[in-house]
Amino acid sequence: MARAENKETAGPMAQMVAKLARKLRVRKGWSQDRLGAELGFSGAAVSAMETLAQPASDQMLVELERVLGDGMGIFEDARAAVRLEKYPDQFKDFAPLEQSAVVLQMYETLVINGLFQTEEYARALIGGGYPPLSEQRVEELVQARMERQALFDRQPIISIELILEEAVLRRTIGSADVMKNQMQHLIECSHRRNVNLHVLPSDCGTSGEHAGARGGITLLETPGHDRLGYLEVQDESLLITDPAKVSTYARRYAKIRAQALGPRESLGRIKELAGE
């Protein structure tokens, strides 16, 4: 059964999907178990969706469209809005921009960027944060983070670049096994033709320069070729649209990349830390 807090915090699109799915199920005379079987989910998962204990996943919406949509595209059209409702408040303005970007450049100093996280790493990171979250909210956030990764295979193709501080790779999140699997995932991601992965070595500051000392940043280019910046810290976010400021961040990012290892050397460093 859904908790009252889940019903109160569920977004309007998730509520609409739940009501519509239930009405269409009842119209067919199906039980929750029967609908679950048709969808490839359990009856409990259908119950959780209808009672808003767990809003429909992206995959469930795909299957709801196939089974109940009757060619109307209602559940398909709801996918983007339901996904957006699952994100933390500080990320909601940026999420649609990320999904439509043609170029995405990220520099991370504390943890693996969400687009590159494994499910286990994301769960350990989100579940271990403060203030503590309910298990249902943790799973919802993990699911939403995993769904973002469809961006890697999106058409038209997006160019994605990630620079990671070496300390991020040495910082254990979850367990040693979680980290090993996470680094293996980074290795696999680095082989994608639309991905460039760099490691900023821990000793880069010994030369007297460290362009990334002010923290992480994300830069993106929109389909209209506008350049934007995005900062996020302590559950607060800032979207930067001023061209002069974005230009400064872009030049700083370029300097960070110049101080980082190249893609081949970065891959070698990740393999080394993964114990390969």
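This structure is a prediction, so every number in the text was calculated from the model and none was measured.

## Considering helix α3 (residues 32–39)
For an α-helix the count is 3.6 residues per turn, leaving residues at separations of three or four pointing the same way.
1) Next: Taken residue by residue, α3 has L35, G36 and L39 as its buried positions. Viewed along the axis of α3, the buried residues span an arc of 100°, placing them on a single side of the element. Those residues of α3 that are exposed and angled more than 90 degrees off the buried face are D33 and A37.
2) Next: Structurally, α3 contributes buried residues whose contacts are with α2 (12–28), α4 (43–50) and α5 (58–68).
3) Next: Following α3 by one or two positions, G40 adopts a phi angle in the positive range, close to 90°.

## A closer look at the pairing of strand β2 (residues 159–165)
1) Next: Among the seven residues of β2, six are classified as buried, and the element is accordingly described as predominantly covered.
2) Next: Pairing geometry for strand β1 (residues 103–108) and β2, over six bridges, is parallel. Looking at the pairing, Q105 lines up with E161 of β2.
3) Next: Looking at chain direction, β2 and strand β3 (residues 195–200) are connected through six bridges and run parallel.

## Some points on the environment of Q59
1) Next: In this fold, Q59 is placed in helix α5.
2) Next: We classify Q59 as partly exposed; its relative accessible area is 44%.
3) Next: C-alpha of Q59 to C-alpha of F41: the two residues are 18 residues apart in sequence and 9.9 Å apart in space.

## Looking at the nonpolar core
1) Next: Of all hydrophobic cores here, the largest spans 37 residues; its most connected members are L104, I112, F116, L164, L169, L186 and I270.
2) Next: Taken together, the elements giving at least two residues each to this core come down to β1, β2, α10 (166–170), α11 (176–190), β3, β5 (227–233) and α13 (263–274).
3) Next: For L169, the residues in contact, after removing those within four places along its chain, are I112, L164, M179, M183, L186, V199, I270 and L273.
4) Next: Counting 21 residues, the second-largest nonpolar core is a separate cluster that includes V17, A56, A78 and V82.

## A look at the packing of aromatic side chains
1) Next: Counting across every chain of the model gives five aromatic pairs.
2) Next: Pairing F116 with F152 gives two aromatic rings, centres 5.2 Å apart and planes at 85°, and the pair type is edge-to-face. Of this pair, F116 sits in the loop between β1 and α8 (119–127) while F152 sits in the loop between α9 (135–148) and β2; the two residues are 36 residues apart in sequence, bridging distant segments of the chain.
3) Next: Members of the aromatic cluster, each reached through a chain of ring pairs, are Y87, F91, F94 and Y230.
4) Next: Directly above the aromatic system of W30 lies the positively charged group of K28, at a separation of 5.0 Å from the ring centroid.

Rules behind the numbers
- Residues numbered from 1 in each chain as written.
- Predicted model: local features only at pLDDT ≥ 70, side-chain atom pairs only at ≥ 80, totals over all residues.
- Heavy atoms only, no water.
- Buried < 20%, exposed > 50% of the residue type's maximum accessible area, 1.4 Å probe, protein only.
- Helix = DSSP H or I, 4+ residues; strand = E, 2+ residues; numbered from the N terminus.
- Arc of directions from axis to C-beta.
- Contact = heavy atoms within 4.5 Å.
- Pairing = 2+ DSSP bridges.
- Core = buried A, V, L, I, M, F, W, Y, C linked by side-chain atoms within 4.5 Å.
- Phe/Tyr/Trp six-rings, centres within 6.5 Å; stacked < 30°, edge-to-face > 60°.
- Lys NZ or Arg CZ within 6 Å of the ring centre and 35° of its normal.

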